Amino acid sequence: MTPLLQAGTGEAANQVTDRLPVKIAVIGAGERGKVYASFALHNPLLCQVVALAEPVSRRREAFLRRHVDIPAQNVFLDWKEMVKVPKLADAVVICTLDQLHAECVVEFAKLGYHILCEKPMAISPQECAAMTRAVVQANIIFAVCHVLRYSPYNRSLKQLLEAKACGDVINIVHVEPVGWWHFAHSYVRGNWRCEEQATFSLMAKSCHDLDILCHYMGTNHPPRQVHSFGSLSHFRRDKKPAAAGLATRCVDCAFEKDCPYSALKLYLDKSKHDDRGWPASVVCGGGEVEVDMENVHEALKIGPYGRCVYESDNDVCDHQVVNIEFEGGATASFTMVAFSELVCERQTRIHGSRGAIIGDSQTIRYTDFATGKTTVIDPGTETQGINGGGSGHGGGDYGLMATFIEAVAQGNASLLGCSPQQALMSHVLVFAAEEARKKRVVIDVEDYLRSEACID
Ligand SMILES: NC(=O)c1ccc[n+]([C@@H]2O[C@H](COP(=O)([O-])OP(=O)(O)OC[C@H]3O[C@@H](n4cnc5c(N)ncnc54)[C@H](O)[C@@H]3O)[C@@H](O)[C@H]2O)c1
């Protein structure tokens, strides 16, 4: 096969070659499934969607209207039906909600599909370990959608670190500002509000962040010890403003106009959002009904996204700090916080023995201590040679797809820059951090790995 990627760069070229597009099956035509599948529409020489499993008819039909070449016999209502038939594609892209990933990965691995699985891998360390064992045993290419690793910004940052521009990394300070309205949407009213129904917020939101910290530190410096503090401080009944009275929905609330978390402001203020796209699309059941202002308004009267943020059934932390010590003694502190103006624009300071970096998810300010010179790098959001713009996550969504597709095309898992065991390790760090928070202890990550029976 003709290699289209320059090794390790993620730079693929949409040029005519003798190579056939990589065939993918998509599991779950929700928000994420649509994004990854759109890569194929923009880059048909690289990738083609040939099969789909999705139980919700409107989502399935909308998906099939975009991907018109999927044969009818390759459309399923459940991924469990797809694993009953012989292999339909080179790879499967698993985009169901968190609780459904583990079994799905294990079953598709048995059939020899290469697998791209949405993050988090799963919601328990045992499941993550079982998935790792399954994909290693099947000898397939496996990637977790840790999209941040594949954005041009983080590729540039990692290249600087690998070139030892900062000397030895001594300390990292990293912040994930979730954004006040985004947190209210996803973690107070939405899919990831309850640990029991989904997972804890550090896993749901910030498995990306603990993974990127492990990535910055490199495989020679795995995490050794971790502790954490955090809680659900604000989105609770006892914090409800008195003026909101007994109202349980924004549409009935006297305080609504003064409330920063008003669902009416969030979903009906067109100046803030594309009124047909995310998050309004989620309010309309992910496309179960037409996304228009009338339906959004109706959903706010009866659905979960119209609830008062102080009257929801949420229980996940709205702020959490994690401190990590890595092999060799380097330290990192991480903060996930709901209450920010920025929305998911991670802020990072990397302090090294001969240089420092300040990154804001867009530009990298690098200061060389020897020369005193500061250089500002703006890597943009587009992966060279990939059509369709950078897509979301600073270009990480398409950067990941380009890299995964290329790894499958070349049969070369090393292009991913992350082994299944490394993906497992960064998830284990998240589980260990959460346990450290709950038990108020410092946890030795390797001991935790063994105690949770993750190591054979
Ligand atoms: N990588 C990222 O940055 C990122 C961002 C947001 C969400 N996520 C993760 O992506 C995943 C999907 O999130 P989403 O927002 O797209 O959710 P979603 O609810 O919009 O989509 C999930 C889809 O899976 C479908 N589904 C359910 N059961 C199924 C089955 N048995 N077979 C086939 N399909 C089935 C649902 O009907 C739905 O359409 C989650 O794990 C989430 O945590 C990742």
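Residues numbered from 1 in each chain as written. Predicted model: local features only at pLDDT ≥ 70, side-chain atom pairs only at ≥ 80, totals over all residues. Heavy atoms only, no water.

Student: An account of the pattern of salt bridges is requested, with residue identities and associated values reported.
Tutor: The full count for this structure, using the stated rule, is 28 salt bridges. A salt bridge links Asp-211 to Arg-149, with the shortest nitrogen-to-oxygen separation between them at 2.7 Å. With Asp-211 in helix H8 (residues 201-217) and Arg-149 in the loop between strand E6 (142-144) and helix H6 (152-162), this residue pair connects regions lying 62 residues apart in the sequence. Owing to a relative accessible area of 7%, Arg-149 belongs among the buried residues under this scheme. (Salt bridge = Lys/Arg side-chain N within 4 Å of Asp/Glu carboxyl O. Helix = DSSP H or I, 4+ residues; strand = E, 2+ residues; numbered from the N terminus. Buried < 20%, exposed > 50% of the residue type's maximum accessible area, 1.4 Å probe, protein only.)

Student: Residues and numbers for the site of the ligand, please.
Tutor: Surveying the vicinity of the ligand reveals 28 residues, the closest of which are Arg-32, Glu-54, Arg-59, Asp-98 and His-208. Between Arg-59 and the ligand, the recorded distance is 2.6 Å, taken from a side-chain N or O atom to an oxygen atom. At a separation of 3.3 Å, an oxygen atom of the ligand approaches a polar backbone atom of Lys-119. Summarising the interface, the protein chains cover 86% of the accessible area of the ligand, which totals 850 Å² for the free molecule. When residues of the shell around the ligand are assigned to their parent elements, the largest contribution, 3 residues, is made by helix H1 (residues 31-42). A breakdown of the residues in the shell around the ligand according to their chemical character gives 14 nonpolar, 6 polar and 8 charged. (Near = heavy atom within 4 Å. Polar contact = N/O pair within 3.5 Å; in protein donor to acceptor, adjacent residues only side chain to side chain. Areas by Shrake-Rupley, 256 points an atom, 1.4 Å probe, with all protein chains shown as cover. Nonpolar A, V, L, I, M, F, W, Y, C, P; charged D, E, K, R; others polar.)

Student: Account for unusual backbone geometry, with residues named and values stated.
Tutor: Excluding glycine, a negative phi dihedral is what most residues carry, and trans is how most peptide bonds are arranged. Residue Pro-120 is bonded to the preceding Lys-119 through a cis peptide linkage, with omega at -15°. With respect to the secondary-structure elements, Pro-120 resides in the loop between strand E5 (114-117) and helix H5 (125-138). Positive phi, close to 55°, is recorded for Arg-440, a residue that is not glycine. Position of Arg-440 relative to the elements: it lies in the loop between helix H13 (420-439) and strand E15 (443-444). You can call Arg-440 exposed: its relative accessible area is 66%.

Student: Before we move on, could you go through the domain arrangement of the protein chain and cite the residues and values that matter?
Tutor: Domains assigned within the protein chain are domain 1 (1-146 + 382-417), domain 2 (168-235 + 315-352 + 419-451) and domain 3 (237-306). If you average the C-alpha positions of domain 2 and of domain 3, the two centres end up 29 Å apart. Carbon and sulfur atoms supply 62% of the area buried between domain 2 and domain 3, which totals about 1200 Å² over both sides. Along the contact surface separating domain 2 from domain 3 lie 5 residue pairs in polar contact (both at pLDDT 80 or more). (Domains from an automatic or database assignment. Buried area = accessible area lost by both parts, 1.4 Å probe.)

Student: Requested: an account of the packing of H6 against H8, with residues and values cited.
Tutor: Axis separation between H6 and H8 bottoms out at 9 Å; the angle between their running directions is 35°. On H8, the residues touching Asn-154, Leu-157, Lys-158 and Leu-161 of H6 are Ile-212, His-215 and Tyr-216. Considering only residue class, the contact of H6 with H8 consists of 4 nonpolar, 2 polar and 1 charged. (Axes fitted to C-alpha atoms, helices over the stretch in contact; angles between N-to-C directions. Contact = heavy atoms within 4.5 Å.)

Student: Quick one: what's the story with helix H4 (residues 101-110), residue by residue and with numbers?
Tutor: Of the positions making up H4, those classed as buried are His-101, Ala-102, Cys-104, Val-105, Phe-108 and Ala-109. Down the axis of H4, the sector holding all buried residues measures 165°, keeping them to one side. Residues of H4 that are buried make contact with strand E1 (22-27), helix H3 (79-82), strand E4 (91-94), E5, H5 and E6. Positive backbone phi, at 85°, marks Gly-112, one or two positions downstream of H4. (Arc of directions from axis to C-beta.)

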